[in-house]
Every structure is written in structure tokens, then in C-alpha cells.
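One letter stands for each residue in the lines below.
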Amino acid sequence: GQQVKQSSPSLTVQEGGILILNCDYENDMFDYFAWYKKYPDNSPTLLISVRSNVDKREDGRFTVFLNKSGKHFSLHITASQPEDTAVYLCAAGENQGGSAKLIFGEGTKLTVSS
Amino acid sequence: DMKVTQMPRYLIKRMGENVLLECGQDMSHETMYWYRQDPGLGLQLIYISYDVDSNSEGDIPKGYRVSRKKREHFSLILDSAKTNQTSVYFCASSLSSGRSAETLYFGSGTRLTVL
């Protein structure tokens, strides 16, 4: 089964709005969580990541919230801009004494309309 | 300039032909990966390589093999390609001290079509 799942295949938001992308995972051993951004015909690039010793990490307009008991993490984007239009991939992996394997979700296609 | 380079960018092959996808990185990263991306499935891990000649199966290794003879170079081989291997293939690398999950740096992808 899919170890990392993104519930929304696509999402549309108006420019300037706030949006939340969600990701659920199954493996209790995961302790590294990340969001990657991918433009069409381009490679995924890391947007923001967090380790399990914190439940929130903020970087400008982007914030990751981690809920370990619920096996859920989310990406909040504020003041959304047309250039945020992309596919967002969540990923999770083991950080301590585990594997370098990073498992990705299916992706959420975000469209920011102006 | 830190880079992961994939060749070729586009490739069309016939069913049953052999396929070689090449990947190089100039960051002296220990760990390298091959993923494929299909609509609705995200990125699926095919193989992971922890260093030269230290390769491990990912989640979907069937139909693929890999070769890593130099740290900076990681190849994906399809012996007798099948139409269901039509996909976009991404190579990635990470610094990976101690085999922990870290930032992945991706190549630009190879769009493979098997007719």
C-alpha cells in the first residue's frame, strides 16, 4: 500500500489566499518529513523539511506542521502567488539509524489564480 | 555548481530493446537514487545506491537493474523494455552521512517512451 498519501490530487486558490496541503503516512519509524515543489518539465526541488523533534518549522511564507500521533503533516502557504502554481510532493523517511530511503506521496497540483 | 545530470532527456525505444539511462553528479554525494514518476502515483523508488557497488532495491525494482562503478555515476538499465516502463525517470543524489534521510538533489529527468 501507499506509505505516504496526499489526499488532494489538485487544489485551486486565489492569489493572496492561504492554503493547506496535507500528507498522511503509515510508518511509525519515519522521523524526517519534507515538501518538494515541481514545475512542469522540471525536477523536484526541496521546499522545506522538518525532523520529528519539532512540530513546526517556518520559512517565509511556508510552514510545515507535524502531528506525529496522527501520522500527519501539512504545508501551509500564506499570501499565495501565481508562481506558487506547481505540483507539491510530500515525502517522509527515517533519519536516525535507518535508511536514506525517502518515500513520496502522489503529489498535489496547486493552481494559484490571479 | 552543484548538479545532477541525466542523459538523455528524451528517449523512444521499441518493446524488447535494451535501455540505458545515465546519471552523473558533481557533489561527491554518497547516495544516489532512481525514481520513476507516473500520473497519480508520485515518485516511486526503483533502486538506491549507498556507494560504489553498494546497491539496494527500492519499492519497484522488477524489470530494472543498476550499476555504480564510480561514486559520481549511476546507471539504470532496462533489459528488454516493456510498454509499462514508459515513464519519466528521475535520478537523485544526497550527501547521506549515516544512511539517514536527507535533502535529495534531482536531475532534470528522462522521458522514456516504449512503443
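Everything that follows concerns the structure shown earlier in this document.
The text that follows walks through the structure, step by step, so that each part is easy to find. For clarity, every value in this text was computed on a predicted model and none was experimentally measured.

Residue and element names in this part refer to chain B. Tracing the backbone through its elements, the reader meets S94 in strand β9 (residues 87-94). Judged by relative accessible area, S94 falls into the buried class, the value being 0%. A distance of 2.8 Å separates polar atoms of two side chains, one belonging to S94 and the other to Y33. Apart from residues no more than four positions distant in its own chain, S94 is found in contact with H29, E30, T31, Y33, T103 and L104.

This paragraph deals with the pairing of strand β11 (residues 108-113) of chain A. Residue and element names in this part refer to chain A. Side chains T108, L110 and V112 project from β11 onto a buried face, and the interleaved K109, T111 and S113 project onto a face without burial. In this structure, strand β2 (residues 10-14) lies alongside β11, joined through 5 bridges in parallel fashion. Bridge assignment links S10 to a residue of β11, and that residue is K109. Bridge count between strand β9 (residues 86-93) and β11: 3 bridges; the pairing is antiparallel. Each bridged residue has a counterpart across the sheet, and for A86 the counterpart in β11 is L110.

Put simply, the largest pocket is a space of about 560 Å³. When residues of the lining of the largest pocket are traced back to their parent elements, those giving at least two are β9 and β11 of chain A together with β4 (31-38), β9 and β11 (110-114) of chain B. The leading source of residues in the lining of the largest pocket is β9(B), at 3 residues. Of the residues assigned to the lining of the largest pocket, the class counts are 10 nonpolar, 11 polar and 7 charged.

Take the state of the cysteines next. Under the criterion given, the structure shown has 2 disulfides over all chains. The residue that forms a disulfide with A:C23 is A:C90, at a sulfur-sulfur distance of 1.9 Å. Between A:C23 and A:C90, the S-S dihedral sits near 60°, and the bridge is therefore right-handed. With A:C23 in strand β3 (residues 19-25) and A:C90 in strand β9, this pair connects stretches of sequence that are 67 residues apart. Of the two residues examined, A:C23 and A:C90, each falls in the buried class. In this model B:C23 forms its disulfide with B:C91; the gap between the sulfur atoms is 1.9 Å. Handedness of the B:C23-B:C91 disulfide follows from its S-S torsion of about -75°: it is left-handed. Of this pair, B:C23 sits in strand β3 (residues 19-25) while B:C91 sits in strand β9, and the two are 68 residues apart along the sequence. In this structure, B:C23 and B:C91 share a single accessibility class: buried.

Rules used in this analysis
- Residues numbered from 1 in each chain as written.
- Chains lettered and ligands numbered in written order.
- Predicted model: local features only at pLDDT ≥ 70, side-chain atom pairs only at ≥ 80, totals over all residues.
- Heavy atoms only, no water.
- Helix = DSSP H or I, 4+ residues; strand = E, 2+ residues; numbered from the N terminus.
- Buried < 20%, exposed > 50% of the residue type's maximum accessible area, 1.4 Å probe, protein only.
- Polar contact = N/O pair within 3.5 Å; in protein donor to acceptor, adjacent residues only side chain to side chain.
- Contact = heavy atoms within 4.5 Å.
- Pairing = 2+ DSSP bridges.
- 1 Å grid on protein atoms, 1.4 Å probe; cavity = no way out; pocket = protein on both sides within 12 Å on 5 of 7 lines; lining within 4 Å.
- Points joined across faces, edges and corners; volume = space filled by probe spheres on them.
- Nonpolar A, V, L, I, M, F, W, Y, C, P; charged D, E, K, R; others polar.
- Disulfide = S-S within 2.5 Å.

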